[in-house]
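# Descriptive analysis of the structure
Spelled out from the first residue to the last, the chains are:
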Amino acid sequence: MNCVGILTAGGDSPGLNAALRAIGKTVARAGYRLIGFRDGFEGIAFDRTMVLDDLTCSGILTVGGTILHTSRHKPNRMPVGNSMVDMTEAIVANYRRHQLECLVCIGGGGTHKSALALQKAGLNIITLPKTIDNDLAGTDNTIGFDSALSVATRALDSLHSTASSHKRIMLVEIMGHKAGWLALGSGLAGGADVILLPEIPYRVEQVAEELLRRSREGKLFSIVPVAEGALSVTDAARLEELSARKEAASGKEEREAVKREIDQFWAETGRTFALARKLEELTALETRVTILGHLQRGGSPSCADRLLATRLGSAAARAILAHQYGIMIAADGEHTRQVPIEEVAGVRKVVPLDHPWMRAARNLGVSFGE
Ligand code: F6P
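The paragraphs below set out a description of the structure included in this document. (Residues numbered from 1 in each chain as written. Predicted model: local features only at pLDDT ≥ 70, side-chain atom pairs only at ≥ 80, totals over all residues. Heavy atoms only, no water.)

## Details of the environment of Ala-316
Looking at the element boundaries, Ala-316 is found in helix H11 (residues 303-321). A residue is classified by how much of its surface remains accessible, and Ala-316, at 0% relative accessible area, is buried. Sequence separation between Ala-316 and Thr-26 is 290 residues; the distance between their C-alpha atoms is 9.5 Å. For Ala-316, the contacting residues outside a window of four places in its chain are Ile-23, Ile-126, Leu-128 and Ile-329. (Helix = DSSP H or I, 4+ residues; strand = E, 2+ residues; numbered from the N terminus. Buried < 20%, exposed > 50% of the residue type's maximum accessible area, 1.4 Å probe, protein only. Contact = heavy atoms within 4.5 Å.)

## Brief notes about the packing of aromatic side chains
Under the defined criterion, the tally for this structure stands at three aromatic pairs. Note on Trp-181 and Trp-357: the rings are 6.0 Å apart at their centroids and 80 degrees apart in plane angle, and the pair reads as edge-to-face. Within this pair, whereas Trp-181 is found in helix H6 (residues 181-189), its partner Trp-357 is found in helix H13 (residues 356-363), the two being separated by 176 residues in sequence. Given a relative accessible area of 5%, Trp-181 falls into the buried group. Judged by relative accessible area, which is 28%, Trp-357 ranks as partly exposed. Among the aromatic residues, ring-to-ring pairing joins Phe-145, Trp-181 and Trp-357 into one connected group. In this structure, Arg-271 is placed above the aromatic ring of Phe-265, and the distance from its NZ or CZ to the ring centre is 4.5 Å. (Phe/Tyr/Trp six-rings, centres within 6.5 Å; stacked < 30°, edge-to-face > 60°. Lys NZ or Arg CZ within 6 Å of the ring centre and 35° of its normal.)

## Some words on the site of the ligand
Neighbouring residues of the ligand: Gly-11, Arg-72, Ile-132, Asp-133, Met-175, Gly-176, His-177, Glu-228, His-294 and Arg-297. Between the ligand and Arg-297 there is a distance of 2.8 Å, counted from an oxygen atom to a side-chain nitrogen or oxygen. If the ligand stood free it would expose 400 Å²; the protein chains cover 74% of that surface. Its residues assigned to classes, the shell around the ligand comprises two nonpolar, four polar and four charged. (Near = heavy atom within 4 Å. Polar contact = N/O pair within 3.5 Å; in protein donor to acceptor, adjacent residues only side chain to side chain. Areas by Shrake-Rupley, 256 points an atom, 1.4 Å probe, with all protein chains shown as cover. Nonpolar A, V, L, I, M, F, W, Y, C, P; charged D, E, K, R; others polar.)

Structure (structure tokens):
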């Protein structure tokens, strides 16, 4: 019997189960056996499996998360006891033992790098783009983005009445460390007047000035979506300096040390709270912070995500049956497109400053705090 493997890796997204279902049902009809590997790449490294047949794929279309579970561990850095171990050889061995024709990896940026590494180790790979951040290159959009956008937009909608009652500034922290698609999209859909993005370092004085201007015009409250990775010009300069040091590092040890500093930089929490305090100081306007966090990744997938996951999943199944490998199945308008994995692995799609959403925002007078 023809046999293929599948796994979901990285942060979960609504729509993953819809994709598993579309692939599972389609290949089952062609007489294929589909083995699900649990917990991301750990499943194939440690052989934790579950059979995904027509029955197990039934009833999961509307269920959020992933029935396979997920993890962020990479094939070449897996926790075993107290150490991190390169499990690539074990993964290749399990792939061969199960006599897989190919391995389908559903995930975001990190998953695509891992998938490419496994392809180079000799595995036939097909990927599907999934991340609520929408920051994968080569595809119009990614599974999970639309659902997260709806959650974030609904949150902005709800905050309007309380912001208005108390005449407050509401900073709303929205997921996205490196790309601002969610903050921009929900900000536009939710009628925000100031939006802070990772792509545009902001000047806090400029943000304050914008809020005061609104206040002078009689607009007594403001809703400000702030992407997790939005940085002040000072912090952005600090990050740039660290990145330059990493590039210039002479050896592996030095590079690893700077990398740890960069990780620490991103692990620093409370930037949005610090911004709120500063804005209160500069404007004398009461300011509150809402952190949406993992709510944005939870719940049932939106209709758009169910459709996207179903059509990408069905195209992936067609590629499996046609023995087409080394590709990501991308969304291309109403169609799908096969993109070589090496063209997308390691390439982040940030918001272009001339993107139509940016142009619309600027036409409406939205400020990005530059
Ligand atoms: O998967 C993407 C993402 O949701 C980012 O937007 C967010 O910064 C990150 O994951 C959070 O990761 P974790 O769930 O591992 O805390």
